[in-house]
Amino acid sequence: MKPIHVIPLSNGDPGHAAPGLDALENLASHLARLFRTPCRIRPEPFDIAFSADAGRGQFHSTAILQRLERACDPDARILGVTTCDLYVPVLTFVFGEAQLDGNCAVVSTARLQEELYGMPKRDDLLRERLIKEAVHELGHTFGLRHCSDWRCVMTSSHAVERLDIKSAEFCRACRKSVFDNGYW
Ligand SMILES: [Zn+2]
Ligand SMILES: [Zn+2]
């Protein structure tokens, strides 16, 4: 299995920092255990200012994936992590996006924070949501589509309530397809 490289994404604005190292380290160790492959964090943030849509105040996730694919090691699976809000043109926002059966995935913490929904800050919940979203998007890079098992991490979730209900694990069928499909 390819190693995973976690790439912090910043938008070039010093007031808008890339995700904190604590959260990234927690994520990287979880991914390494789950996928049983080395997972390292790139020290320098990757600038995604090019993908900004000034009108929407958001960043175009598909453009980020294309740029990550060109800029990063093709022998690694790439996961970009940003605090910037992401979108694709047909949707108001996305938690993340991935190349189906490809190399690159991107996730955003912007909509995973309780503060956004008028609730007190919860770092533990933010970490858990980030892990679920990252595992989900990486699952797409293994060719997995959305799963009908509501507990499976590959079930689709466009709201944090749905994210909180599902687990951070693959169901049996999804797990089998990640680990038995020749990626090893
Ligand atoms: Zn998905
Ligand atoms: Zn599943």
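Here, every reference points to the structure presented above.
Below or above, wherever it landed, is the structure these notes cover. (Residues numbered from 1 in each chain as written. Chains lettered and ligands numbered in written order. Predicted model: local features only at pLDDT ≥ 70, side-chain atom pairs only at ≥ 80, totals over all residues.)

**Quick look at the overall build of the protein**
For step 1, the next point in the chain: In terms of helices and strands, the protein carries five helices and nine strands.
For step 2, the next point in the chain: Each helix and strand of the protein, ordered N terminal to C terminal, gives the series β-α-β-β-β-β-α-β-β-β-β-α-α-α.
For step 3, the next point in the chain: Computed over the C-alpha atoms, the radius of gyration of the protein is 15 Å, within 12% of the 16 Å expected from 2.2 N^0.38 for a compact globule of 184 residues.
For step 4, the next point in the chain: Each of the three principal axes of the protein carries a C-alpha extent, and together these read 45 × 35 × 35 Å. (Helix = DSSP H or I, 4+ residues; strand = E, 2+ residues; numbered from the N terminus. Rg over C-alpha atoms; globule rule 2.2 N^0.38 Å.)

**So, the environment of D164**
For step 1, the next point in the chain: Within the secondary structure layout, D164 lies in helix 4 (residues 160-165).
For step 2, the next point in the chain: The exposed category is assigned to D164, around which 12 C-beta atoms lie within 10 Å.
For step 3, the next point in the chain: Measuring from C-alpha to C-alpha, the distance between D164 and R151 comes to 9.9 Å, with 13 residues separating the pair along the chain. (Buried ≥ 20, exposed ≤ 12 C-beta atoms within 10 Å, placed from the backbone.)

**Concerning the pairing of strand 6 (residues 77-82)**
For step 1, the next point in the chain: Taken across its six residues, strand 6 has six buried, putting it largely inside the fold.
For step 2, the next point in the chain: Here strand 6 shows a buried face lined by R77, L79 and V81 and a second buried face lined by I78, G80 and T82.
For step 3, the next point in the chain: Strand direction decides the pairing type here: strand 1 (residues 4-10) and strand 6, joined by six bridges, are parallel. Bridging from a neighbouring strand, I7 pairs with G80 of strand 6. (Pairing = 2+ DSSP bridges.)

**What to know about the sheet that holds strand 5 (residues 58-60)**
For step 1, the next point in the chain: Taken in spatial order, the three strands make up an open sheet running 4-5-7, and their pairing is mixed. At either margin of the open sheet sits one strand with a lone partner, and together these are strand 4 (52-53) and strand 7 (86-87).
For step 2, the next point in the chain: Relative to strand 5, strand 4 is paired through two bridges, and the arrangement is antiparallel. For D53, the partnering residue across the bridge sits in strand 5 and is Q58.

**Comments concerning the pairing of strand 1**
For step 1, the next point in the chain: Buried residues dominate strand 1, accounting for six of its seven residues.
For step 2, the next point in the chain: Note: strand 1 against strand 2 (residues 39-41), three bridges, orientation parallel. From the neighbouring strand, V6 faces strand 2, where its bridge partner is I41.
For step 3, the next point in the chain: Inspection of the sheet shows strand 1 paired to strand 3 (residues 46-47) by two bridges, in the parallel sense. When the bridges of strand 3 are listed, L9 appears paired with F46.

**A closer look at the environment of H146**
For step 1, the next point in the chain: One can find H146 in the loop between helix 3 (123-141) and helix 4.
For step 2, the next point in the chain: On the basis of neighbour counts, which here come to 13 C-beta atoms within 10 Å, the residue H146 falls in the partly exposed class.
For step 3, the next point in the chain: Every residue in contact with H146, bar those within four places of it in the chain, is listed here: M154, T155 and S156. (Contact = placed C-beta atoms within 7 Å.)

**Examining unusual backbone geometry**
Trans peptide bonds make up most of the peptide bonds, and negative phi angles are found at most residues other than glycine.
For step 1, the next point in the chain: Despite not being glycine, R36 shows a phi value in the positive range, around 50°.
For step 2, the next point in the chain: Assignment of secondary structure puts R36 in the loop between helix 1 (21-35) and strand 2.
For step 3, the next point in the chain: On the neighbour-count criterion, R36 (10 C-beta atoms within 10 Å) is exposed.
For step 4, the next point in the chain: Here the phi dihedral of D101 falls at roughly 55°; this positive angle occurs in a residue that is not glycine.
For step 5, the next point in the chain: Within the secondary structure, D101 is located in the loop between strand 8 (96-98) and strand 9 (104-108).

**Comments concerning the packing of helix 1 against helix 3**
For step 1, the next point in the chain: The geometry of helix 1 relative to helix 3 is characterised by a closest axis approach of 10 Å and an angle of 45° between their N-to-C directions. The orientation of helix 1 relative to helix 3 falls into the category oblique. Helix 1 and helix 3 meet at a crossing whose hand is right-handed. Together, A23, N26, L27, H30, L31 and L34 of helix 1 and R127, L130, I131, A134 and V135 of helix 3 make up the contact between the two elements.
For step 2, the next point in the chain: Here the residues of the contact of helix 1 with helix 3 are counted per class, giving eight nonpolar, two polar and one charged. (Axes fitted to C-alpha atoms, helices over the stretch in contact; angles between N-to-C directions. Parallel < 35°, antiparallel > 145°, perpendicular 65-115°, else oblique. Left-handed = near helix turned anticlockwise from the far one by under 90°. Nonpolar A, V, L, I, M, F, W, Y, C, P; charged D, E, K, R; others polar.)

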